[in-house]
Amino acid sequence: MGAVQSVFTEQELDNYQALTYLSKRAILNVYKRFSSLNPTAILHDKNARMPFSTVTDIQELRANPFKDQLMKVFSSSPDGMTFEDFLDMISVFSDEAPKSVKVEYAFRIYDFDGDDMISSNDLKEVINRLTGDDNAFTEGEMQLLIDNILEESDLDVDDALSFAEFEHVISKAPDFSSSFRIRL
Amino acid sequence: MDESHPLLTNTQGQGSLRAAPSAPDYQAFDNQGLVLETDLTETNTLPSDDRDDRGVDIGTVPGGAQQADISTAACEADTVSIVTIGEEQEKVALGGEEILFRLRLAHIYGDLDWANHLRRLNDKSREDVHVQILDKLREQPISIHQKIRLSRYLRDRMDTTSVSSLTSQQARKRQKSRRSKFKPSVGIWNGNIGTISAYFGSHVASYFVFLKFLVYLDVLMALLLFGLVTLPQILSNNNAAPEGLSGDFGVVSTSVIFFGAYSDTKWGFYDRPLAFFLTWAAVNVLCFLVIVSSMYIRYSLSKRVETSEDEFPFSTTVFSSWDHALTKPEGAGLRTNVIITNTKEMVREERSPDKSTCCQSTGQFVIRAVVNMLVVAVLGGSGYLIYLVADTWDSSLDIPRWLDDLLRTYKLPLVVAALKMFVPLIFDQVIRLEGYAPRTELKVTIARTALFYLASLVVFLLSMYEVSTQCIRDVNVTASTATKNRAVCCWENEVGEEVVKVVLIDLGQILLTTLLFDFLRAAVIKCGAFTSLGYREFTVASEVLDVIYGQSLVWLGLFFSPLLAAMGVVKLVIVFYFRYVTARMCKVPPRTFFRASRSGNFFMFILLINFFVCFFTMAYAVIELKPSTDCGPFKAEDHVFEILTSRVGDLPTWIRDVIVYVSTPAIVIPVILFLLLGVLYFKAKSASYTRVIDKLREQLRFERRVEKREVFARARIIYAGPQVSGTGSSPRQRQMTTVSSRTSITDTATTSSLSHP
């Protein structure tokens with residue numbers, strides 16, 4: 001741990017700890033995992049960018065159907081992800097992160113076209129991802145499912161879910177916090 | 001790295017990096033009123049202090065130089081902002097809340113010129129705003145990068161005392177939350193449970209977590225009993241078992257494992273019989289407290305979870321059914337299948353509500369009635385079978401003597417175990433005929449299986465009662481009519497032995513069933529034959545009921561065999577590893593699942609019911625039955641509880657009078673009535689709360705739908721002049737909708753209150 005710890009100054013670690021939901025040990029663990037992706041590059045520059053394909057290759061993300069959205073939402077630039085972005089992601093997915101933070105990011109993850117609303121196209125994409133993309137649902141069934149979702153949660157009937165509506169539905173979902181969790 | 005005002009180097013020019021997606025000609029609705037905001041040609045660039053490839057990301061101007069000459073009224077709150085826009089920017093300073101709110105939207109609308117806003121705060125509120133922002137900074141959904149910058153900026157401008165007090169406050173809060181969460185990473189089996197949840201999801205893992213809880217409970221009980229009861233007996237080195245005592249386990253029957261070996265005398269100052277009784281009572285009370293408190297904690301954590309489940313089944317399924325903790329591709333694939341099946345079933349239920357004809361529905365009703373009668377028959381039949389076998393044994397069969405002896409000894413446990421093996425299978429198959437929805441199917445099966453286990457326990461107890469009274473009768477009656485040749489009667493020993501036998505056979509049955517049904521099937525499939533058979537699912541509910549049954553046996557026998565808790569621990573450990581290996585190798589995740597969060601409490605509830613049944617039975621035995629006169633720590637008493645009175649000395653008269661008075665109907669009945677009234681009162685209260693919730697929900701819908709449209713209509717009128725009218729999805733309306741999408745519902749309420757001055 002000593003070698004890893006010398007990468008960050010005390011001040012930096014304090015900053016990270018104050019601004020994320022991870023303990024110092026967890027932060028160093030995250031750093032270790034991240035640097036194992038490409039040790040030479042990280043050693044050279046601890047804020048180097050890793051291309052998305054490398055990051056999604058770690059075993060926690062490999063099987064995740066939303067991994068490209070995770071990359072997009074948490075990265076600061078489309079070229080790749082830095083250690084800080086990765087730390088951000090792990091912090092949001094940690095156990096201590098409050099539900100409000102998770103709901104916020106969940107909304108962004110499910111918003112595929114990035115227009116701050118979850119439209120029916122976004123919903124369609126979510127369902128396709130969840131069911132593995134091989135046409136598990138017929139057109140009619142898919143439409144029925146989307147209509148039902150919108151009927152339940154779209155309060156102002158504008159055919160899309162705004163953040164307020166999404167939050168209203170999801171924050172009371174019993175499994176949300178426990179399912180929105182990644183442990184390194 | 002200390003820069004002096006690093007963020008405020010003014011450079012002219014359009015440094016806007018991330019323009020808002022739909023370049024509007026106005027920027028944003030303030031959430032406090034119908035105001036427009038644009039910002040002007042002021043950009044702030046950052047020196048590249050810590051190499052950001054984002055370049056000018058902090059403090060850019062969203063959208064460029066639009067200058068609208070519109071001024072609108074501000075509203076009542078003092079944190080209102082933005083008034084006139086013209087060439088100069090005469091902005092009233094934004095409050096801390098406002099800045100935080102904009103930070104949340106920064107990822108959509110380009111980045112917030114927070115440096116500017118912060119600078120413009122007037123001095124007296126600046127410190128407070130800084131503290132406010134810094135306090136809430138961690139929860140904001142902006143990147144760490146920006147957070148670090150912002151926090152550094154703020155800290156540089158706050159005086160050190162407030163900074164240090166804030167950091168210490170935050171550190172304290174963090175420690176408190178960590179302590180209160182108490183996720184014991186020091187616990188046993190955490191790695192195994194993690195692997196299970198990676199492959200099967202959190203629902204299956206909840207079974208293993210439950211096992212862990214029971215192991216902890218049993219270890220606690222075993223330690224208490226061993227330390228306070230068994231150890232003194234062993235150390236005092238006099239086995240008090242009477243000479244003529246013989247049991248089914250040979251030498252072990254007279255060892256400290258069973259009741260008979262405990263002496264009824266003091267050991268020095270240590271009063272052994274009293275310790276026996278009190279420790280047993282204390283262990284039971286402790287179990288009760290642990291279970292109830294665990295239920296309470298879990299319940300208060302889940303916070304009335306049922307609302308979302310029943311109200312938004314589709315949304316919650318789609319949005320929260322993916323378990324991000326699943327990391328293995330096989331597990332992920334299986335989870336996908338489960339999700340598909342679940343959603344398909346929901347969709348199909350939706351689609352064809354009840355298209356069955358009259359004949360079909362009556363047919364189904366008849367089938368269900370028949371099946372229910374069958375279930376009752378099975379339950380009654382198995383109960384009677386247990387009772388019958390306990391009473392008699394037909395030894396006229398032509399089997400070798402050793403087998404006959406074995407069967408005679410183990411007849412009761414074998415029958416119980418055999419029933420336990422087959423009856424749940426019967427229930428599983430029979431439920432398919434009934435044609436319920438899958439969720440209901442699960443619930444009904446669980447209810448029936450739980451009832452069956454409970455019934456078999458109760459019948460087992462009754463037959464034990466028979467055993468106990470028989471022993472007393474045998475000794476008192478002449479040898480010719482006695483069922484067994486007994487010199488001494490130690491019925492507690494016999495009951496204890498029966499319980500131990502059932503526990504052992506239960507363990508054997510679990511192993512056998514798993515080997516037969518799971519391993520064999522998996523081996524068959526892996527060898528290529530019958531691949532269409534498919535692996536068995538991991539049915540969490542029936543496994544849990546199994547484990548609860550085992551635990552109830554332990555509670556039952558604890559009085560008669562103090563080391564039974566330790567045996568229970570060993571059994572649970574074996575079961576854990578066995579199930580773990582089986583799950584990894586031969587099983588697939590279940591098709592339908594209870595919500596993981598709800599099932600934890602459900603298991604606890606069933607555990608509690610079982611505990612009550614066991615405890616009340618034992619309490620009856622302790623109070624009513626006469627302990628055997630030949631063995632055990634209570635042989636000198638007429639009733640077990642009299643050990644208290646005889647040892648502690650006679651209680652002062654007034655206490656005795658009070659106790660006698662309190663147990664008369666004159667007190668008991670009013671107390672019961674009062675409790676009933678209390679229950680009714682709370683039920684009425686909760687019903688009224690539900691009504692209030694429904695009304696609020698209606699109000700919410702109204703606000704979103706009707707009020708919002710009204711507000712937009714007014715905004716449109718004000719903005720574009722009276723020539724624009726009517727509702728249409730003009731681009732402006734789309735933008736307005738987009739823009740205001742982030743306003744929380746409560747803010748819409750204030751907006752609507754604005755429109756009704």
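Residues numbered from 1 in each chain as written. Chains lettered and ligands numbered in written order. Predicted model: local features only at pLDDT ≥ 70, side-chain atom pairs only at ≥ 80, totals over all residues. Heavy atoms only, no water.

Q: I would appreciate a short explanation of the overall build of chain B in the present structure.
A: Helix and strand counts for chain B stand at 24 helices and six strands. By the burial criterion, 45% of the 757 residues in chain B qualify as buried. Taking the contacts inside chain B whose residues are at least 6 apart along the sequence as the reference set, 75% of them involve residues at least 24 apart. For chain B, the computed accessible surface area is about 37700 Å², with 64% contributed by carbon and sulfur atoms. (Helix = DSSP H or I, 4+ residues; strand = E, 2+ residues; numbered from the N terminus. Buried < 20%, exposed > 50% of the residue type's maximum accessible area, 1.4 Å probe, protein only. Contact = heavy atoms within 4.5 Å. Areas by Shrake-Rupley, 256 points an atom, 1.4 Å probe, with all protein chains shown as cover.)

Q: Please explain the overall build of chain A as it appears in this structure.
A: When helices and strands are tallied, chain A shows 13 helices and two strands. For chain A, buried positions account for 60% of its 184 residues. Taking the contacts inside chain A whose residues are at least 6 apart along the sequence as the reference set, 56% of them involve residues at least 24 apart. Carbon and sulfur atoms make up 48% of the accessible area of chain A, which amounts to about 6900 Å² in all.

Q: Which parts of the structure should I look at to understand unusual backbone geometry?
A: Only a minority of non-glycine residues have a phi that is not negative, and only a minority of peptide bonds are not trans. Residues and elements named next belong to chain A. With a phi angle near 65°, Asp 116 is a residue other than glycine that sits in the positive phi range. Mapped onto the fold, Asp 116 is located in the loop between α9 (99-110) and β1 (118-119). One non-glycine residue, Asp 159, adopts positive backbone phi at about 65°.

Q: Help me understand the packing of aromatic side chains, please; the structure alone is not making it clear to me.
A: Any pair of aromatic rings gets described here by the distance separating the centres and the angle formed by the planes. All chains considered together, the criterion is met by 41 aromatic pairs over all chains. Consider the rings of Trp 555 of chain B and Phe 611 of chain B, whose centres lie 4.9 Å apart with planes at 75°: the pair is edge-to-face. With Trp 555 of chain B in helix α17 (residues 540-557) and Phe 611 of chain B in helix α19 (residues 596-624), this pair connects stretches of sequence that are 56 residues apart. Classification of Trp 555 of chain B by relative accessible area gives buried; the value is 2%. Take Phe 611 of chain B: its relative accessible area is 2%, and that puts it in the buried class. Members of the aromatic cluster, joined through ring pairs, are Phe 8, Tyr 16, Tyr 31, Phe 34, Phe 83 and Phe 86 of chain A. (Phe/Tyr/Trp six-rings, centres within 6.5 Å; stacked < 30°, edge-to-face > 60°.)

Q: Whenever I open this one, the packing of helix α7 (residues 67-74) of chain A against α9 of chain A confuses me. Can you help?
A: Any two packed helices are characterised by how steeply their axes cross, that is the angle between the axes, and by the distance between the axes. Residue and element names in this part refer to chain A. Interaxial distance between α7 and α9 falls to 9 Å at its minimum, and their mutual angle equals 115°. The two elements α7 and α9 meet at a crossing, and its hand is right-handed. Taken together, the residues of α9 that come into contact with α7 (itself represented by Gln 69, Leu 70, Val 73 and Phe 74) are Tyr 105, Arg 108 and Ile 109. When grouped by side-chain class, the residues that make up the contact of α7 with α9 number five nonpolar, one polar and one charged. (Axes fitted to C-alpha atoms, helices over the stretch in contact; angles between N-to-C directions. Left-handed = near helix turned anticlockwise from the far one by under 90°. Nonpolar A, V, L, I, M, F, W, Y, C, P; charged D, E, K, R; others polar.)

Q: Is there a simple way to think about the side chain of Gln 551 of chain B in this case?
A: All names here are of chain B. Mapped onto the fold, Gln 551 is located in helix α17. By relative accessible area, which is 2% here, Gln 551 ends up buried. Setting aside chain neighbours within four positions, we find Gln 551 in contact with Leu 214, Asp 218, Met 221, Leu 572 and Leu 607.

Q: In this structure, what is going on with the nonpolar core? I would like to understand it.
A: Within soluble globular proteins, side chains that are nonpolar tend to cluster in buried spots. Phe 210, Trp 555, Leu 558, Phe 559 and Leu 607 of chain B are the most contacted members of the largest nonpolar core, which has 95 residues in total. Among the elements that make up this core, the one with the highest residue count is helix α8 (residues 202-236) of chain B (14 residues). Leaving out residues up to four positions away in the same chain, Phe 559 of chain B has contacts with Phe 259, Phe 276, Trp 280, Met 618, Val 622, Phe 634 and Val 640 of chain B. By size, the runner-up hydrophobic cluster in this structure holds 80 residues, among which are Leu 22, Tyr 31, Ile 90 and Val 101 of chain A. (Core = buried A, V, L, I, M, F, W, Y, C linked by side-chain atoms within 4.5 Å.)

Q: Where do I start with helix α5 (residues 144-157) of chain B in this structure?
A: Side chains of residues three or four places apart in an α-helix project in the same direction, reflecting 3.6 residues per turn. Residues and elements named next belong to chain B. Spanning 14 residues, α5 covers 20 Å between terminal C-alpha atoms, matching the ideal 20 Å at 1.5 Å per step. By the criterion of burial, α5 is predominantly enclosed, with ten of the 14 residues buried. What α5 keeps buried is the set Ile 144, His 145, Gln 146, Lys 147, Ile 148, Arg 149, Leu 150, Ser 151, Tyr 153 and Leu 154. (Expected span 1.5 Å × (residues − 1).)

Q: Where do I start with a nonpolar patch on the surface in this structure?
A: Side chains of Phe 226, Leu 231, Ile 234, Leu 235 and Trp 267 of chain B sit close together on the surface and give an oily, nonpolar patch of about 440 Å² of accessible area. The topology assignment puts Leu 235 of chain B in helix α8. (Patch = residues over 30% accessible without salt bridge, like charges linked within 9 Å, V, L, I, M, F, W, Y side chains within 5 Å. Salt bridge = Lys/Arg side-chain N within 4 Å of Asp/Glu carboxyl O.)

Q: Would you explain the packing of helix α8 (residues 83-92) of chain A against α5 of chain B in this entry?
A: The contact between α8 of chain A and α5 of chain B brings their axes to 8 Å, and the two run at 100°. The pairing of α8 of chain A with α5 of chain B is recorded here as roughly perpendicular in orientation. Residues Glu 84, Leu 87 and Asp 88 of chain A of α8 of chain A form the contact with α5 of chain B, whose participating residues are Ile 144, His 145, Lys 147 and Ile 148 of chain B. Counted by class, the contact of α8 of chain A with α5 of chain B contains three nonpolar, one polar and three charged residues. (Parallel < 35°, antiparallel > 145°, perpendicular 65-115°, else oblique.)

Q: I'm lost on helix α10 (residues 120-130) of chain A in this one. Help?
A: Residues and elements named next belong to chain A. Taken together, the buried positions of α10 are occupied by Asp 122, Leu 123, Val 126, Ile 127, Arg 129 and Leu 130. Considered in projection along α10, the buried side chains sweep an arc of 160° and stay on one side of the axis. One or two steps after α10, the chain reaches Gly 132, where phi turns positive at roughly 85°. (Arc of directions from axis to C-beta.)

Q: I keep staring at the confidence of the model for chain B and nothing clicks. Help me out?
A: In regions of low pLDDT, the predicted coordinates are not meant to be interpreted in detail. Residue and element names in this part refer to chain B. Looking at chain B as a whole, the pLDDT averages 70, with 64% of positions reaching at least 70. Taken element by element, the predicted model of chain B shows its lowest mean pLDDT in strand β1 (residues 9-11) (34) and its highest in helix α18 (residues 564-586) (89). Taken as a whole, residues 1-90 scores under 50 in pLDDT and shows 189 contacts with residues more than four places along the chain or in a different chain. Ignoring residues within four places in sequence, the model shows residues 743-757, a span with pLDDT below 50, making 28 contacts including any to other chains. Both confidence scores are given for the complex: pTM 0.66, ipTM 0.83. (pLDDT = per-residue confidence, 0-100.)

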